[in-house]
Amino acid sequence: MNDETNRRSFLQSTPLIAAAFATVHQTPVLAADVPSETPNFNVRRFGAKGDGQAKDTEAVQRAIDAAGRDGGCVLFPPGRYLCGTVRLRSHVTIQLENGATLVAAPERSDFD
């Protein structure tokens, strides 16, 4: 088994894919650190269901892309968001509210 297969197996077996949203930023960004004038991009407004059944990958990516245009905060309200691969953008903050969970999609085809 190669490293790529091991990584995919790990991501698919873990309920939380927050590691996919990790950046090289050494200091954690807290919600209090996000300026109040920073626009919020609620993933539900982009079509995410957050029910743990529907795949929310495309809606989450649309929110990230919108926030990446001029900078902003992608907001995950409480829910269970089933996602495959998403691509982060510069100047975007990811904020999970209490009760929000990112869950790895079960199919390998959902990951690059």
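Residues numbered from 1 in each chain as written. Predicted model: local features only at pLDDT ≥ 70, side-chain atom pairs only at ≥ 80, totals over all residues. Heavy atoms only, no water.

Enquirer: I'd like a rundown of the sheet that holds strand S6 (residues 100–104), residues and numbers included.
Expert: With parallel pairing, 3 strands are arranged side by side in an open sheet as S2-S4-S6. The outermost strands of the open sheet, each flanked by one partner alone, are strand S2 (51–55) and S6. Neighbour-to-neighbour, the strand axes of this sheet turn through a mean angle of 25 degrees, independent of strand direction. Here 5 bridges tie strand S4 (residues 79–83) to S6, and the two strands are oriented parallel to one another. The residue of S6 that forms the bridge with Gly79 is Ala100. (Pairing = 2+ DSSP bridges. Helix = DSSP H or I, 4+ residues; strand = E, 2+ residues; numbered from the N terminus. Axes fitted to C-alpha atoms, helices over the stretch in contact; angles between N-to-C directions.)

Enquirer: Report on the nonpolar core, specifying residues and quantitative values.
Expert: Core analysis: the largest hydrophobic core is formed by 17 residues, its most contacted members being Val43, Val60, Val74, Phe76 and Tyr81. Listed by contribution, the elements that provide at least two residues to this core are helix H2 (57–70), strand S3 (72–76), S4 and S6. Among the elements that make up this core, the one with the highest residue count is H2 (6 residues). Every residue in contact with Val43, bar those within four places of it in the chain, is listed here: Ala48, Ala59, Val60, Ala63, Val74, Leu75, Phe76, Pro77 and Tyr81. If you look at the next biggest cluster of nonpolar residues, it comprises 5 residues, including Leu82, Val103, Ala105 and Phe111. (Core = buried A, V, L, I, M, F, W, Y, C linked by side-chain atoms within 4.5 Å. Buried < 20%, exposed > 50% of the residue type's maximum accessible area, 1.4 Å probe, protein only. Contact = heavy atoms within 4.5 Å.)

Enquirer: Which residues make up the packing of aromatic side chains, and what values do they have?
Expert: For the structure on display, the rule yields 2 aromatic pairs. Taking the centre distance of 6.4 Å and the plane angle of 45 degrees together, the rings of Phe41 and Phe46 count as tilted. Overall, Phe41 belongs to the buried group, its relative accessible area being 16%. Among the residues examined, Phe46 registers a relative accessible area of 23% and is labelled partly exposed. Aromatic side chains Phe76 and Tyr81 sit 5.2 Å apart centroid to centroid with 80 degrees between the ring planes, which places their arrangement in the edge-to-face category. Neither Phe76 nor Tyr81 differs from the other in exposure class; each is buried. (Phe/Tyr/Trp six-rings, centres within 6.5 Å; stacked < 30°, edge-to-face > 60°.)

Enquirer: Could you give me a rundown of H2, with the residues and numbers involved?
Expert: Since one α-helical turn is 3.6 residues long, residues separated by three or four positions face the same way. Listing the buried residues of H2 in full gives Thr57, Ala59, Val60, Gln61, Ala63, Ile64, Ala66 and Ala67. Of the surrounding elements, those touching the buried residues of H2 are strand S1 (40–42), S2, S3, S4 and strand S5 (92–96). Two residues or fewer past H2, Gly71 is found with a positive phi of approximately 90 degrees.

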